[in-house]
Structure formats: C-alpha cells, structure tokens
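# Reading the structure
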Amino acid sequence: MGRFARMAAKLVVVLALVGLALLGVTLGFLHSPFFRYPTGDELPPARVNELIWPTIGCPALVYPGGVLEVELDLDGLGGSGDPGLEAWEATITPVREELSGISYSLEPRDVRRGPSRRWPYRGVQEGSEEVWSVAFLVPADAVPELYDLRVEVEAGGGKVSDGQPHAVAVMEDEDDDFTFITLSDIHVHERDNSSLLSRQTNRGISDAGEPLFFYQAIEQVNLIRPDFVLVLGDFIRGQRRPGELEREYERFYQALLELEVPAFLLPGNHDQYINGIDGARWFEENLGPLYYSFDVGGCHFTCLDSYQWPEDDRVVMNKLFFMEPRKWQGQLLDAPAGEGYSAPGAQLSWLEEDLASHADATARIVSMHHDPFTPEGKGFSFINVNYWGIYHTGGGGGGRQELLDLFARFRVDHVFGGHLHTDAVGSLSWRDGEGKTVYSCQTCVYFDEGGWSDHYPGYRLVRVEDGRIVSFSYLDGTASYPFYDGSLPGAEVDLDLLERPALWAEEGEGEGAGAEAVVGSFLAVPVELRGLAVEVQASPEARYEVEGAELVRAVPVPGEADTVLLYLKVSLEAGIPGEAGDRPGVPALKTVAARPA
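Definitions and cut-offs
- Residues numbered from 1 in each chain as written.
- Predicted model: local features only at pLDDT ≥ 70, side-chain atom pairs only at ≥ 80, totals over all residues.
- Heavy atoms only, no water.
- Helix = DSSP H or I, 4+ residues; strand = E, 2+ residues; numbered from the N terminus.
- Rg over C-alpha atoms; globule rule 2.2 N^0.38 Å.
- Buried < 20%, exposed > 50% of the residue type's maximum accessible area, 1.4 Å probe, protein only.
- Areas by Shrake-Rupley, 256 points an atom, 1.4 Å probe, with all protein chains shown as cover.
- Axes fitted to C-alpha atoms, helices over the stretch in contact; angles between N-to-C directions.
- Parallel < 35°, antiparallel > 145°, perpendicular 65-115°, else oblique.
- Left-handed = near helix turned anticlockwise from the far one by under 90°.
- Contact = heavy atoms within 4.5 Å.
- Nonpolar A, V, L, I, M, F, W, Y, C, P; charged D, E, K, R; others polar.
- Pairing = 2+ DSSP bridges.
- Salt bridge = Lys/Arg side-chain N within 4 Å of Asp/Glu carboxyl O.
- Core = buried A, V, L, I, M, F, W, Y, C linked by side-chain atoms within 4.5 Å.
- Polar contact = N/O pair within 3.5 Å; in protein donor to acceptor, adjacent residues only side chain to side chain.

## Quick look at the overall build of the protein chain
A count of helical and extended segments in the protein chain gives eight helices and 35 strands. Against the globule reference of 25 Å for 597 residues, the protein chain gives a C-alpha radius of gyration of 26 Å, in line with a compact fold. Referenced to the eigenvectors of the C-alpha coordinate spread, the extents of the protein chain come out at roughly 105 × 65 × 55 Å. For the protein chain, with 597 residues in total, the buried portion stands at 54%. Within the structure as shown, the protein chain displays about 24,800 Å² of accessible surface, and the carbon and sulfur contribution to it stands at 50%.

## A word on the packing of helix 3 (residues 212-224) against helix 4 (residues 244-256)
Where helix 3 contacts helix 4, the axes come no closer than 10 Å and their chain directions differ by 25 degrees. Considering their axes alone, helix 3 and helix 4 lie roughly parallel with respect to each other. Regarding helix 3 and helix 4, the two cross each other, and that crossing is right-handed. Contact with helix 3, carried on its side by F214, Y215 and I218, involves F252, Q254, A255 and L256 of helix 4 and no other residues of that element. Residue composition of the contact of helix 3 with helix 4, by class: six nonpolar, one polar and no charged.

## Remarks on helix 7 (residues 347-356)
Among the 10 residues in helix 7, seven count as buried, and that is most of the element. For helix 7, the complete set of buried residues consists of Q347, L348, S349, W350, L351, D354 and L355. Looking at the buried side of helix 7, the elements it contacts are strand 14 (292-296), strand 15 (299-303) and helix 8 (400-409).

## Let's talk about the packing of helix 7 against helix 8
Relative to each other, helix 7 and helix 8 sit at 10 degrees, their axes nearing to 10 Å. Considering the angle they form, helix 7 stands roughly parallel to helix 8. Seen from helix 7, the contacting residues are L348, L351, E352 and L355; seen from helix 8, they are E402, L403, L406, F407 and R409. Its residues placed into classes, the contact of helix 7 with helix 8 shows six nonpolar, no polar and three charged.

## Here's the deal with the environment of D110
By the secondary structure assignment, D110 is in strand 5 (residues 104-114). C-alpha of D110 to C-alpha of E545: the two residues are 435 residues apart in sequence and 45 Å apart in space. Filtering out sequence-adjacent residues up to four positions away, D110 remains in contact with L85, S133, V134 and A135.

## What about the sheet that holds strand 2 (residues 60-62)?
Ordered in space as 1-3-6-5-4-7-8-2, the eight strands form an open sheet in which the pairing is mixed. Because the sheet does not close on itself, it has two edges, and the strands there are strand 1 (51-53) and strand 2. Adjacent strand axes in the sheet meet at a mean angle of 40 degrees, parallel and antiparallel pairs treated alike. Across seven bridges, the pairing between strand 4 (residues 88-94) and strand 7 (residues 146-155) is antiparallel. In the strand pairing of strand 7, T91 is matched with R150.

## Side note on the pattern of salt bridges
In this structure the tally under the stated criterion is 34 salt bridges. For R122, the salt bridge goes to D73, with nearest N and O atoms at 3.4 Å. A residue pair is termed long-range when its members are at least 10 positions apart, and R122 in helix 2 (residues 122-126) and D73 in the loop between strand 3 (67-72) and strand 4 qualify at 49 residues. You can call D73 buried: its relative accessible area is 13%. Salt bridges linked by common partners bring E190, E210, R241, E244, R247 and R251 together as one network.

## Some thoughts on the sheet that holds strand 15
With mixed pairing, the six strands of this open sheet are ordered in space as 14-15-18-21-23-22. Either end of the sheet is taken by a strand with one partner, and the two such strands are strand 14 and strand 22 (424-429). This sheet shows a mean twist of 20 degrees between the axes of neighbouring strands, independent of strand direction. Here five bridges tie strand 15 to strand 18 (residues 363-370), and the two strands are oriented parallel to one another. The partner of H300 across the bridge, within strand 18, is R364. Running at roughly 175 degrees to strand 15, helix 7 makes contact with strand 14 and strand 15 of the sheet.

## A few points about the nonpolar core
Core analysis: the biggest nonpolar cluster contains 100 residues, and F407 and Y459 have the highest contact counts within it. It is helix 3 that contributes the most residues to this core, seven residues altogether. If you look at the next biggest cluster of nonpolar residues, it comprises 60 residues, including L51, L68, A87 and I102.

## Considering the environment of Q347
Assignment of secondary structure puts Q347 in helix 7. For the pair formed by Q347 and D185, sequence separation is 162 residues and the distance between their alpha carbons is 22 Å. If we ignore the near neighbours within four places in the chain, the residues touching Q347 are Y291, L304, D305, Q308, L332 and L333. Within polar-contact distance, the side chain of Q347 engages the backbone oxygen of D305 at 2.7 Å.

Without other data, these values stay purely geometric and don't point to any function.
Structure representation (structure tokens):
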C-alpha cells in the first residue's frame, strides 16, 4: 500500500509540473509578441489639417451675434508670414439639406498667435507651441442650426483654405437650461465578427457591411434634437480581422455625417487599438483632440481619454481563441516629477488644472469611456479581469484613485461613462461634504452579442435646468432610454427580436400647400421632440396654422420660390411599451399638420 501511495504521489507531482509547464507556455504565448496584427504606419489622408478647431468631433457652440474663435496651424506652409486681420475669411453653411443654399460670411474681429487653447497637449506632441487664433463675429440673423465651416487666409502671397463638416452649432439662446444625449459603445463592425470567446451578432449590419443600427439610432437622436450629443467612446471594434479598424472608422465617420446636432467625441479602448493603422492617430487626424473641455452656459464639461497605454499594449493580437490587445481597461497618466501638464501624456495634471480653473462653474460634468467608480465602487473598468484566480488580464491601469480624489475635491457633479455595456449608477460624497458626484455607466448602442441579454440598445437623455442635472435615466433612476420597443429595464431582453423604433416620425399626406406628419412613441414617459421640420408652400411673410405641435420658427428655403421650412416642437404623452420584441406595445401617437393661414 505504501508503494502505491508513493507512486500516486509521484504521479501527482509529475502532473502538477506538467500542468504548470503548460500554463507557463500558454501564458508566455498569450503575452508574447507573436501573431500580432500588422501595425503599419501609413494612415489615409487626414481630415484635420490647418484648421485644428473646431472639428466634427470637437465642435464650437456659438450664439447669433456672438463670437466664434477658430484655431489654425500654419506651420510648414513656407513663407506664410504674419497675416493681418484683413487677410482672414470664414464661412458657415447649414448641414441641413433644405438650407444648403444659405451661407453666412463671418467678419474677423481679432487675431493672435499663441498656444492652443483647445488641444491641451498639441504643442508638445507637434513640436510647435503656437497656433493662429482668429475671432469671427456670427451674424445676428444666423438660423440656429448645425453648420459646416470653411476658413481662408491670404498668407505669404498665397491662399490657405481649410474646412470642417459639422463643426459649428448656432444655439438658440445662452442659458443654463438645455438637454444633451450620451451615446456609448456604438461598435460599428463588419459582418461575421465573432470569435470563439467574443460573439457578435450580425443584427443591424447590412450585407454590404453598413451599420444600419447606427443610422437608425441617429434618426431618433435627430428627432429628439438635443442641444448636443456626447459620444463616450468605442465607435468601432477593430479587432476581428487585420486591417478592419480603418474600414470601420470610415463607416462610422460617414454615419456621423447624418447627425443634425453637434457631437463631442472622446475615445474608448477600441478606437485606439493598433490594427493596420494606429487608431489613436486616426482619431486625432480625423475627429479632433483626445481630451479637452468646453462650456455650455455656466456649466463646464471635461472630456477625458481613459485609454493611455503604450503602443505595444494597444496592438491587436490573434492568440487562437481570442483576438485583442494586451490591455483594454482604463488608464490615465500623470506628469513626470517636476513637469507641468504640458508634458506628453500628462492628462491628470491637466485635469487638475482644468477643474481648478472652473471651480465656480454652475456645474462640473466629466465624460470618459472607462468609469472609475461603478458598479458599487468596484471600478471594474480600471482593474484586471480575474479568471478563477489563475490568470489576470485587461490592464489594471493607473489613475483610478486619482480621478476619484480629484472629482471629490473639485466638486464634480456627474461623471458619464460606458465600456461595461450595462447601466449602473452610484455616488461618492465630495470632500467638503456639501454634495456628491454621481457616476453613471450606460448600455451600448449596438446589439452586442444578440440573443437574450440583461441590457438593450439605448442612450441617456440628460436634462439640465438652472445649471443642474435634473434627469438622466429612464423610469427607474438607473436605466438608459431604449432605442427599440420591447426593451424593459431590469428584464431579460431577446435582442434578436427588437425591430420597432421607440420613437419615429412618418410623412403624411398634407393637403394643398400644407404638410402633415405622424409622430409616435413607445416610451413609457412623456417626451418632447424638437427635430421635426416640414416644408410648406407659402411666402416668407405668411402666417401659419399648426395642429398637434408648436411652431418654433419659419425659415425660407433658398432657391425654392415660396417654400418655407417650419421647425416644430411636438409633445407626446407616455406610450405603453411592449413586453418583448414580438409583443408590440401601444404607442402614443400624434398627427401634426401645418399650412399657411
């Protein structure tokens, strides 16, 4: 018996050693540089060139009769000289197709040269600390709309001309009452995008690879017409096949052009992967800065880059059963000892200065992809993923505690985040004990893995009154608003059955010179829609009869004789949501009609 026990013990030891050896080989393989996707260094032509602000991903919010300040980098153009005030020209053209014949020329009022005030790190990164900042006067009669911008300057005997689409939004009024929508984890992806440990449905992706689900989401955002949109990162996936990151980015960009409201974009981890091209560089060269801040009324918004990992950690690798980079969790870097926030990557130092300089703002609101708090203070977006206590992966990056401390110290009101594809809300008290920071994580925009899920495609609709957030959730204080009927907070949802938009508007058969539309909502709360616009046949001086809506403004359509575009605001009562995708609810409906009086 003793001999048998000794043999069994030896066998156990041998098996343990073999197991440890296999585990070591496996872990070594997972962390090795083998099977990396092509990295390359050739990016497509940049869309952000001389005009570096405002951009499509970091727009300017201005007011009729107010001032638009633009930034241009003219370095490397050779003999550009120092152009005076009279050398500058700027034009804005409405994005809305019906008003494309309108164009406003902006009068230059001031010009200076100095550090960029919109790209906190641009001087260090580009090796040049100075850009041209030019202030232009916005006409008092400019229609409140989203605009494309073009700026020209006579310099060094030649002309420099550059532009940005969707870069300027003329707002209705400047106050502390406004609405905005947050979107996160859009994940534009190609068909057949699943791998063994990462299933992705084809739902919402056309046979040609178009992200139809994103276009449908944009339609609802345009119908709500918030004052602006915050997009919290992960626009794409970029990790299934070599080279797909650039293709997905292009599809995302083209869909973004369908938005009729300004969008502030900040990057997630997927957006900065390296797969054929460096996603972080693509973001900067096509969308704008990776982190920045802006103001709306008396409220201060800070947008952060929570994925500051070295290049080697961002390269996508195919390790047979998973395809991902070494790190995908959050990390924010600080300045090296003795250096200020202008040091490369020193985002935490910049954040401290940004919050300190806006301590008297009506509200301080921070947006970032990786939420450092939720769920329940565990901060899953910043810590390693633990596989049975044997293997840890994902990042475990730094900066999480520093963020929590800064937000408590500088009395940040709300932090919006994504990454986890689920809704969660928590809070931490401010250091002075006079308030708290609310942390909200939110669901994704796309259909994720498909099938049964505890989350659904959605968004947060945020209402601000007197500079304070009064609402940011649907029904229960936590959930996101659903994009589709049949989505119920707290319930299991079959994503494959979701088809009916929660909000929609259909053109009706208007009589004579009038117009008609049918507007509906499956949402279980009242909703106000400001994005309905209809054309009627009338002279610009006509009066109008409107049923089922409130007339906001009437704008003559350029190039169309006696055609006027009417902007309408529609208020809908609560609908009755369906219990599932295959069990429709009862929508709240309203027929809207407009005609010349």
